[in-house]
Amino acid sequence: MADEKERKTPLLDELEKGRWPSFVTDLKKIAERKPMVKDLLGQLELSYKEKKGHWKHGGLVGVRGYGGGVIGRYSDLPEQFPDVKMFHTTRVNQPSGWFYTTKALRELCDIWDKYGSGLTNVHGSTGDFVFLGSNTDVLESIFTDLSKAGWDLGGSGSDVRTPSCCNGPARCELACYDTLDMTYDLTTTYQDELHRPAFVYKWKFKMAGCPNDCVASIARSDLAVIGTWRDNIRIDQAAVKEYLDNGLDITSDVVLKCPNQCIRLEGNELSIKNEDCVKCMHCLNVMSKALRPGEDKGATILIGGKAPIMEGALLSSVLVPFMKMEKPYTEFKELIESIWEFWDEYGVARERIGECIQRVGLGNFVEAIGLEPIPQMVSQPRDNPYIFYEEYFEEGDEEE
């Protein structure tokens, strides 16, 4: 272990001087009983001093039978900080919507305190309950104790990452489908794809119950399922009048802020030209007592979102404007599997599905998975006039 002089942390100490609680203070408390965290503080202080990270990816490390769930991490200064020579991350598959009992949280923390650093990340951007910092020799024991308690590992590597969702109908009146049930269903259906990496790169599902997209699925998932409706927004005119009587300036705060200007207020009556509505959710959020999603509910399926790792950030594009989301989700699963078949055939190593579609062309992708091209798939008009279609050449051949 590094000596006391090496573990002095003047730069980290500065982070304890602000108004807000500091992670440094928490690390110091844990370090009193966890030698691994003492060396973690020392290495972090050195990183602040040198403006350089000292972690290196550990490649493949895991438990018997699972290729995913554990992320290998190693220090590149093992002689100076031997207790963080290995600092693996374990992902635990979270319950749908992140609903825990206090008993479940204590159960997880007891397991982690027994084998690891005691540090957690609740929750990572993927969604899992994350255990930060353990050695290779305890990974099997961690997995065994988690399994006995009814928990499972999440996804990591080139596989299906742990599906995640918003609270959906459990807490939100705007939810257009049961995000919790769908997330659980996908998690159990695709266990093999989640635990045994066989894809060219990672694949993320995220389920949002309405277009507010509280899990940011449009930016953070390869396949986003965003709840929507295809009939008219329901209006309670009595509640509209109540808002007016209570002083809400509906004209300024709602009507004029509609991006498509499809809302009108005449006296105490509100009307919406629903065919022009783009589901921005502003009016429903401001007037939640008066406005509700329509009754013909389902979801829009979008594809290709990702963070800027390889080819830059991408926002998802519409693939299917509306699909009913009802058990057993057969139509949705058939779509998924046709996409995976295409990706397996044409994707290259470390290429997300959005990047693959950009490379091969949206038209080729849509044709290969058996969908009909529709206007909603077009994010912007093409700027290249020299694009020809098979039908064009066929007609030309006939004329000749």
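Everything discussed here concerns the structure shown above.
One numbering rule holds for all chains: residues counted from 1, following each sequence as written. In keeping with the model being predicted, local features are shown solely for residues with a pLDDT of at least 70 and side-chain atom pairs are shown and tallied solely at 80 or more, while totals for entire chains, interfaces and linings include all residues. Side-chain metrics rest on all non-hydrogen atoms present in the structure, leaving aside hydrogens and water.

Student: An account of unusual backbone geometry is requested, with residue identities and associated values reported.
Tutor: Going from V122 to H123, the amide bond is cis rather than trans, its omega being 0°. Put simply, DSSP H or I for four residues or longer makes a helix, DSSP E for two residues or longer makes a strand, and each gets a number counted from the N terminus. Relative to the elements of secondary structure, H123 occurs in the loop between β5 (119–122) and β6 (129–132). The step from K327 to P328 runs through a cis peptide bond, and the omega angle for that step is 5°. The topology assignment puts P328 in the loop between β15 (317–323) and α12 (330–346). Backbone geometry places A216, a non-glycine residue, at a positive phi of 50°. Relative to the elements of secondary structure, A216 occurs in the loop between β8 (205–208) and α8 (217–220). Exposed residues in this analysis have more than 50% of their type's maximum accessible area, buried residues have under 20%, and partly exposed residues fall in between, with area computed by a 1.4 Å probe over protein chains only. Judged by its relative accessible area of 30%, A216 falls in the partly exposed class.

Student: Could you give an account of the side chain of S164, naming the residues involved and the relevant values?
Tutor: Looking at the secondary structure, you find S164 in strand β7 (residues 164–165). Throughout this description, a polar contact denotes any pair of N or O atoms lying within 3.5 Å of each other; where both atoms belong to protein, one of them has to be capable of donating a hydrogen while the other can accept it, and for residues adjacent in sequence the pair is counted only when both atoms sit in side chains. In terms of polar contacts, S164 uses its side chain to reach the side chain of K206, at 3.1 Å. We call two residues contacting when some pair of their heavy atoms lies within 4.5 Å. Residues contacting S164, with those up to four places away along its chain left out, are Q94, W98, T126, G127, T183, F205, K206 and M207.

Student: Please set out the environment of K279 residue by residue, giving values where relevant.
Tutor: Along the chain, K279 turns up in the loop between β12 (269–272) and α11 (282–286). Residues K279 and F99, 180 residues apart in the sequence, show an inter-C-alpha distance of 28 Å. Not counting residues within four places of it along the chain, the set of residues in contact with K279 comprises P211, T228 and W229.

Student: Describe the nonpolar core, with residues and values.
Tutor: Only buried residues count toward a nonpolar core, which is a set of Ala, Val, Leu, Ile, Met, Phe, Trp, Tyr and Cys residues joined through side-chain atoms within 4.5 Å. Core analysis: the biggest nonpolar cluster contains 39 residues, and W203, F205, M325, F332, I339 and F365 have the highest contact counts within it. Of all elements in the fold, only α6 (179–189), β8, β9 (223–229), β14 (297–303), β15, α12, α13 (353–360) and α14 (362–369) reach the threshold of two or more residues within this core. Formed by 23 residues, the second largest nonpolar core is a distinct cluster that contains C210, A239, V254 and L270.

Student: Kindly report on the sheet that holds β14, identifying the contributing residues and their values.
Tutor: Pairing between strands is defined by DSSP: at least two bridges between the two strands are required. On the basis of which strands lie adjacent, the open sheet formed by 5 strands has the order β7-β8-β9-β14-β15 and mixed pairing. Strands with a single pairing partner mark the edges of an open sheet, and in this sheet they are β7 and β15. Summarising the sheet, β8 and β9 pair through 4 bridges and their orientation is parallel. In the sheet register, K206 faces β9, and the bridge partner there is A224.

Student: Go over the side chain of R91 with me, naming the residues and quoting the values.
Tutor: Among the secondary structure elements, R91 is positioned in strand β4 (residues 89–92). It turns out R91 is buried and unbridged, and the closest side chain with the opposite charge, D128, is 4.1 Å from it. A distance of 3.0 Å separates a polar atom in the side chain of R91 from the backbone oxygen of G155. In this view, R91 contacts G69, I71, T126, D128, F129, V130, D152, L153, G154, G155, S156 and R161; residues no more than four positions away in its chain are not counted. For this count, His and the chain ends are skipped, Lys and Arg are scored as positive, and Asp and Glu as negative. Only one rule defines a salt bridge in this text: a Lys or Arg side-chain nitrogen within 4 Å of an Asp or Glu carboxyl oxygen.

Student: Residues and numbers for the packing of aromatic side chains, please.
Tutor: The rule is short: rings of Phe, Tyr and Trp, with Trp giving its six-membered ring, pair when the centres are within 6.5 Å, and they are stacked under 30 degrees, edge-to-face over 60, tilted in between. Counting across every chain of the model gives 17 aromatic pairs. Ring centres 6.3 Å apart and planes at 25° place the aromatic pair Y190 and F205 in the stacked group. Of this pair, Y190 sits in the loop between α6 and α7 (191–195) while F205 sits in strand β8; the two residues are 15 residues apart in sequence, bridging distant segments of the chain. A relative accessible area of 3% places Y190 in the buried class. Overall, F205 belongs to the buried group, its relative accessible area being 1%. Here W203 and W340 contribute two aromatic rings whose centre-to-centre distance is 5.7 Å and whose plane-to-plane angle is 85°, an arrangement assigned as edge-to-face. Here W203 is found in the loop between α7 and β8, whereas its partner W340 is found in helix α12, with 137 residues between them in sequence. On the basis of relative accessibility, which here comes to 8%, the residue W340 falls in the buried class.

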